[in-house]
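# Close look at the chain arrangement
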Amino acid sequence: MEPSLPDDFDQMPTYAHHRSGPQNINASNGTQNNNTGAGNQNTGTGCQYIVRNYIAQDTRNQLSHLAFAKKAPFNSVDHQHEPTCHPDTRVDLVGKIYAWADGQDKQRIFWLSGLAGTGKSTIARTVAREHYEQKRLGASFFFSRGGGDVSHARKFVTTIAVQLADNVPSLKPHICHTTANRSNIDDLSLQDQWRQLILSPLLKLEGNLYQPYTLVIDALDECENGNEVQIILTLLLEAASLETHRLRILLTSRPEISIQRGLPQTPEAKHCNFVLHNISPPLVDHDIEVFLRNKLEKVGKESWLDSWPEDKAIKNMVQRASGLFVWAATACRFISEGKRYAPRRLDTIFEGSSSAATAPEKHLDEIYITVLKQSTPSTYTDEEKEESFATLRHVLGSIVVLLSPLAAYSLSRLLDFPKGEIDQSLEGLHAILVVPEDQTHPLGLHHPSFRDFLLSAQRCCDPRFQVEQKDAHKVLTKHCIQLMSQKLRKKNLYGLRDPGPIGSQIPFEELARCLPPELQYACEYWVSHLQRSEVKINNKQYLDDDGLIHVFIQQYFL
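In this report, the structure presented in the accompanying data block is examined.

What counts and how
Residues numbered from 1 in each chain as written. Predicted model: local features only at pLDDT ≥ 70, side-chain atom pairs only at ≥ 80, totals over all residues. Heavy atoms only, no water. Helix = DSSP H or I, 4+ residues; strand = E, 2+ residues; numbered from the N terminus. Buried < 20%, exposed > 50% of the residue type's maximum accessible area, 1.4 Å probe, protein only. Contact = heavy atoms within 4.5 Å. Areas by Shrake-Rupley, 256 points an atom, 1.4 Å probe, with all protein chains shown as cover. Patch = residues over 30% accessible without salt bridge, like charges linked within 9 Å, V, L, I, M, F, W, Y side chains within 5 Å. Salt bridge = Lys/Arg side-chain N within 4 Å of Asp/Glu carboxyl O. Lys, Arg positive; Asp, Glu negative; His and termini not counted. Charge placed at Lys NZ, Arg CZ, Asp CG, Glu CD. Axes fitted to C-alpha atoms, helices over the stretch in contact; angles between N-to-C directions. Parallel < 35°, antiparallel > 145°, perpendicular 65-115°, else oblique. Nonpolar A, V, L, I, M, F, W, Y, C, P; charged D, E, K, R; others polar. 1 Å grid on protein atoms, 1.4 Å probe; cavity = no way out; pocket = protein on both sides within 12 Å on 5 of 7 lines; lining within 4 Å. Points joined across faces, edges and corners; volume = space filled by probe spheres on them. Pairing = 2+ DSSP bridges. Core = buried A, V, L, I, M, F, W, Y, C linked by side-chain atoms within 4.5 Å. Expected span 1.5 Å × (residues − 1). Bend = angle between axes of the 7 residues up to and from the residue. Phe/Tyr/Trp six-rings, centres within 6.5 Å; stacked < 30°, edge-to-face > 60°.

Before going further, it helps to examine the overall build of the protein. Secondary structure summary: the protein contains 21 helices and nine strands in total. Put simply, the protein has 558 residues, and 46% of those count as buried. For the protein, long-range pairs separated by at least 24 residues make up 73% of all intrachain contacts whose partners lie at least 6 apart in sequence. By element, 50% of the accessible surface of the protein is carried by carbon and sulfur atoms, the whole surface being about 28700 Å².

What follows is about unusual backbone geometry. Looking along the chain, the bond that leaves Trp308 and enters Pro309 is cis, with omega of 0°. Relative to the assigned elements, Pro309 resides in the loop between α9 (281–302) and α10 (311–321). Located in the positive-phi region is Ala219, a residue other than glycine, with phi close to 55°. On the secondary structure map, Ala219 appears in the loop between β5 (213–218) and α7 (226–241).

Taken together, the side chains of Glu383, Glu384, Glu387 and Glu421 present a region of like negative charge at the surface. Sort the elements by how many residues they give to the negative patch and helix α14 (residues 382–401) lands first, with three residues. Summarising the element assignment, Glu387 is placed in helix α14.

Moving on, we get to the environment of Glu133. Counting through the fold element by element, Glu133 comes out in helix α3 (residues 120–133). Relative accessible area serves as the criterion here: at 53%, Glu133 is assigned to the exposed category.

Structurally, the position occupied by His174 is in helix α5 (residues 172–181). Accessibility expressed as a relative area gives 18% for His174, which makes it buried. Look past the residues within four positions of His174 in its chain and what remains in contact with it is Pro201, Lys204 and Leu205.

The geometry of α10 relative to helix α11 (residues 325–336) is characterised by a closest axis approach of 9 Å and an angle of 130° between their N-to-C directions. Compared by their axis directions, α10 and α11 come out oblique. The residues of α11 that touch α10, namely those facing Met317, Arg320 and Ala321, are Trp327, Ala331 and Ile335. In terms of residue class, the contact of α10 with α11 is made up of five nonpolar, no polar and one charged.

Approximately 310 Å³ is the volume attributed to the second largest pocket. Forming the walls of the second largest pocket are 14 residues, and the residues nearest its centre are Tyr380, Ser388, Glu421, Gln424 and Ser425. Looking at the lining of the second largest pocket, the elements with two or more residues in it are α14 and α16 (419–426). Of the residues forming the lining of the second largest pocket, the biggest block, five residues, is contributed by α14.

Within strand β3 (residues 109–113), five of the five residues are buried, leaving the element largely enclosed by the surrounding structure. Alternating positions in β3 separate into two faces, Ile109, Trp111 and Ser113 on one and Phe110 and Leu112 on the other, with burial throughout. Of the pairings in the sheet, the one linking β3 to strand β6 (residues 247–253) comprises five bridges and is parallel in character. Across the sheet, Ile109 pairs through a bridge with Ile249, a residue of β6. Note that β3 and strand β7 (residues 271–275) share five bridges and pair parallel.

Moving on, we come to the nonpolar core. Counting 96 residues, the largest nonpolar core has Trp327, Leu372 and Phe450 as its most contacted members. Ranked by residues supplied to this core, first place goes to α11 with nine residues. Those residues within four positions of Leu372 in sequence are excluded, and the remaining contacts are Phe389, Leu392, Leu396, Leu429, Ile432, Phe450, Phe453, Leu454 and Phe465.

Glancing now at helix α20 (residues 517–533). Over its 17 residues, α20 extends 22 Å from the first C-alpha to the last, a length consistent with the 24 Å expected when each residue adds 1.5 Å. The largest bend in α20 comes to about 55°, at Tyr525. Of the positions making up α20, those classed as buried are Glu518, Leu519, Tyr521, Ala522, Tyr525, Trp526, His529, Leu530 and Ser533. Lining the buried residues of α20 we find α14, α15 (408–415), α18 (469–487) and α21 (548–556). Trailing α20 by a residue or two, Glu534 shows a phi angle of about 55°, which is positive.

This part takes up the packing of aromatic side chains. Evaluated as defined, the whole model comprises 14 aromatic pairs. Both rings, one in Tyr368 and one in Phe453, keep their centres 5.4 Å apart while their planes meet at 45°; by these two values the pair is tilted. On the criterion of sequence distance, the pair formed by Tyr368 in helix α13 (residues 360–374) and Phe453 in helix α17 (residues 449–454) is long-range, its members being 85 residues apart. Pair check on accessibility: Tyr368 and Phe453 agree, each one buried. Site record: aromatic cluster; members linked through ring pairs are Phe141, Phe143, Phe156 and Trp194.

Following this line, the structure appears as structure tokens:
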């Protein structure tokens, strides 16, 4: 039931007050000995304090039952190193978004679309951060392909609901009322979850949401299920149609046809569109130049490089960026890792990039190739380089097709690779990969365009690095099955005295203790990798009688 104060709450006896100085409480009967004189007046009650604490704890418990994607909020620990816009860049666009968020018109959805690498997520983080500081961010959800819970929409509504309850005080009791009365809310369809956890609480406010709140939904195109994308668009349009609130929704994505169709342009449209890659090129070049100067001048100071970089070099880099902030960011990371050899790395970028006017993607691909080639020491023999590149392709191919990220140690256990080999392979790739110092944190990509690059034979023209997606899934299927075959042999894996409990009844802490991350991953995703590998039904190695999967199922399922 909905948490509420007792009817006689204000008449409850006073057991302590907070402004009158020392109070003596008789622990045996709860009576108060006031030694400060009759002039003191009670301004707070201990009983009320206890009740309020009880109610607060009760609502927290109710919210904790909702499924929550921990990586979804813009300020989750996984996003803590991701940047916001430099104060002198994107000034006009960010100002336009702030003005829209403050508006009272009926265009309650702002769709920011743009090509890969044009800075959509950075802008989304900037807006989310600003509104969070102003206490007017309702919720945020940053999708990421291959990111586990943030690569699909199954926890989208509940994650938004938990944040709304935490950030919008007037909504909290209504959302908690729903969770208290519907214990199976996580099992309902996304539409029913949305109507009960989001729309119904908004309608109950009866126009009392005077302060505008913002929802930030980033990279919707990174949601791997196309049907879920269409459902989310429908849900957002439903919320935008409500007249009783001031909820504004910032949505970012690539300009995909399916999303365009889900947000039809009509005179009564509840949304406005802004195409990021249509901004005037000189304006974009100015912002990229500001970004490059800021980053590289810091590198120069840290490495004691006088008068570096030269203005000509900055202009040259701006030209090669071709409007892509991701090119500039990748180049800066690559150069900064060179420390006192930063000038040499800058020259390497110029040597590896064509100066001819080509599609922006072409320049991005060239810098990815440059970083990959430079990751192997020049002192290696040709044979050693080829072996090193083969290992690198195998490791990178696994990273970019993982369905949920893994730490380097867990990945080494899954691939049956020595941890040292993986560390050595990734050592020179910090410009394009997130390689945490904390070995328990997962590996990741600085930008999803690197995944697109590796998986495209047209873009990654060097066969030493190009990854065939189906083959990569096939390899992971094999490694998942091999790992499960080795580690699941123990019959009583959890050491249970009573064999009765089903898996869902075992506490997560116990599960994590008995099943390391790589084994959890294998158990959860081996079927998905098999499906995506599109292995033929008559494949002798996998699906035929006495094949890998047949033997595994025969031993562990039958």
